[in-house]
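Each chain, written out:
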Amino acid sequence: MDHTVQTETEDRTDTNGPERPKTDLRRVRSNPDFWYPVAWSKELKPGKTIGTRYAGTPIALVRPTEGAIFALEDRCAHRQVPLSKGKVCGQSVQCCYHGWAYGRSGRCIDVPYLGKGKLPNGVRTFPCKEQDGLIFVFPGDPEKADSVPLSPRLARVGDAAYKTRSFGREVKCHYSFMHENLMDMNHQFMHMKQMGQMRPRFLGQKREPGLVEARYSFARTSGKQPLGEALIFGERRDSSEKFQHRDVMTIRTEYPYQTLCIQTGDEDPVMDLWIVYTPQDAEELTNRTFGLLSVKRPKVPGVLELAWPFLVAFTERIFAEDREIVELEQNAWRELGGDHNVEVFPVINALRGLLAECGIAPAPAKNA
């Protein structure tokens, strides 16, 4: 008998109506019919190949010395040895074991000890593109790839008015924990040591097909503004009334991506974040985070460049705290045998519903 405790993915307010189907959100798989980053462009040098993953599927990225990159399943059809251990030869990659070669179409184009008329079948290939310093693959139905959009600009990459840093780590949790963490700004309580005591004000939410958005403002109630935060806003701010709830933070999950934007009135955003969590293992209980953080340059030239190491250190400390807490959540899920979360915040219940709706539901238990 399956004793897994399950939780609702929607905010059910009508307790007298029929009970809605329940599912454990941490068992919902990501939808493969989207573009997912699997590596940074700088990781793949010309004439080289590297191994990456999406949800347990090994993927070899190949960058010929000329021409566009391409992506193949990271297994030679012969002995299943990773092609990412092989050698790039022109527009193909050659397995390190017996020298079988595969072109960008995935077709086997050479076996050194066979005639050309006896070549075996090839390997799976993935639609692949490179944008804003990231390498994306489309792990789902390849015929859908051209019709699924990817934003033409991620964060503010390429905008001279902003400086952008790339960041990310492997995080040992289901991707849904990451979405919840960023969307729920009530967790600023946890960052008190880094940021001082902040009081968030929830300004409202938006729910549309494939999208949940939350808006917040903040007031500092105690503690000094950290240098990293001052660099983001381009000025020192204290806890006086004039700085209370001055800026609006908008966080959006537009499946499967997340964005965070901080803006004062109608001015250009002082910060623009784009982030996504690419599942690594087959159970999707580990993700690799890819983030692009753009900060608006202050009026004084060169100041942001000089202070950049301090901003990087500040954001790394915040991310480290977030990573620790979501991994603790994942550990609790394992120990308890399922999702026991008691969620009371409406926007997070809307988010949970979105992730369940857009993702791939787990197969029903055999004994159900």
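Below you will find a few notes about this structure. This structure is a prediction, so every number in the text was calculated from the model and none was measured. Throughout this description, residue numbers start from 1 for each chain and increase along the sequence as written. In keeping with the model being predicted, local features are shown solely for residues with a pLDDT of at least 70 and side-chain atom pairs are shown and tallied solely at 80 or more, while totals for entire chains, interfaces and linings include all residues. Only hydrogens and water are set aside when side-chain values are computed; all heavy atoms of the structure are taken into account.

With that out of the way, let us pick up the overall build of the protein. Each helix and strand counted, the protein has 5 helices and 19 strands in total. Values of accessible area rely on a 1.4 Å probe in the Shrake-Rupley scheme; residue burial ignores everything except the protein chains shown. For the protein, the computed accessible surface area is about 18400 Å², with 51% contributed by carbon and sulfur atoms. The helix count covers DSSP runs of H or I at least four residues long, the strand count covers runs of E at least two residues long, and both are numbered beginning at the N terminus.

In terms of nonpolar packing, the biggest core is built from 56 residues, with L61 and L260 touching the most fellow members. The dominant element in this core, judged by the number of residues it contributes, is helix α5 (residues 346–358), at 8 residues. Segment limits for the domains were obtained from an automatic or database-derived domain assignment. The two domains that each donate at least three residues to this core are domain 1 (30–144) and domain 2 (162–358). Excluding its chain neighbours within four sequence positions, the residues that come into contact with L61 are V38, A39, L44, K48, T49, I50, T52, F70, A71, I135 and V137. Take the buried residues of types Ala, Val, Leu, Ile, Met, Phe, Trp, Tyr and Cys, join any two whose side-chain atoms come within 4.5 Å, and each joined set is a nonpolar core. Classification of residues uses two cut-offs on accessible area relative to the type maximum, computed with a 1.4 Å probe and protein chains only: under 20% is buried, over 50% is exposed, and between them is partly exposed. It only takes one pair of heavy atoms within 4.5 Å for two residues to be counted as in contact.

So, about the sheet that holds strand β11 (residues 134–137). For two strands to be treated as a pair, DSSP must find at least two bridges joining them. Taken together, 3 strands build an open sheet; the order of strands is β1-β11-β10 and the sheet is antiparallel. The open sheet terminates on both sides in strands that have one partner only, identified here as β1 (36–40) and β10 (128–131). Averaged over all neighbouring strand pairs, the angle between strand axes comes to 30°, with direction disregarded. As paired strands, β10 and β11 are joined by 4 bridges and run antiparallel to one another. In the strand pairing of β11, C128 is matched with V137. Orientation is described by axes fitted as lines to C-alpha atoms, over the contacting stretch for helices, and by angles from 0 to 180 degrees between their N-to-C directions.

Attention now goes to α5. Take the residue count of a helix, subtract one, and multiply by 1.5 Å to get its expected span. Helix length check: α5, at 13 residues, gives a terminal C-alpha distance of 18 Å against a target of 18 Å (1.5 Å per residue), a fit within 8%. With 11 of 13 residues buried, α5 lies mostly within the body of the structure. Within α5, burial applies to V347, I348, N349, A350, L351, R352, G353, L354, L355, A356 and C358.

Before going further, it helps to spend a moment on the pairing of strand β18 (residues 271–279). For β18, a buried count of 9 out of 9 residues is recorded, marking the element as mostly surrounded by other parts of the structure. Residues M271, L273, I275, Y277 and P279 of β18 are buried on one face, and the alternating residues D272, W274, V276 and T278, pointing to the opposite face, are buried as well. Note: strand β17 (residues 257–263) against β18, 5 bridges, orientation antiparallel. Considered in β18, the bridge of Q258 is made with I275. Across 9 bridges, the pairing between β18 and strand β19 (residues 287–296) is antiparallel. When the bridges of β19 are listed, L273 appears paired with L293.

We now examine the packing of helix α1 (residues 175–183) against α5. It is the contact of α1 with α5, at a shortest axis distance of 10 Å, that shows an interaxial angle of 150°. In terms of orientation, α1 lies roughly antiparallel with respect to α5. Here α1 and α5 pass one another in a crossing that is right-handed. Contact residues: S176, H179, E180 and M183 in α1; V347, I348, L351, R352 and L355 in α5. The classification used treats Ala, Val, Leu, Ile, Met, Phe, Trp, Tyr, Cys and Pro as nonpolar, Asp, Glu, Lys and Arg as charged, and all other residues, Gly among them, as polar. Taken together, the residues of the contact of α1 with α5 break down into 5 nonpolar, 2 polar and 2 charged. Any angle from 65 to 115 degrees is called roughly perpendicular, while one under 35 is roughly parallel, one over 145 is roughly antiparallel, and all others are oblique. Here a crossing is taken to be left-handed if its near helix is turned anticlockwise relative to the far helix by less than a right angle, and right-handed if that turn runs clockwise.

Shape descriptors only; they carry no functional weight alone.
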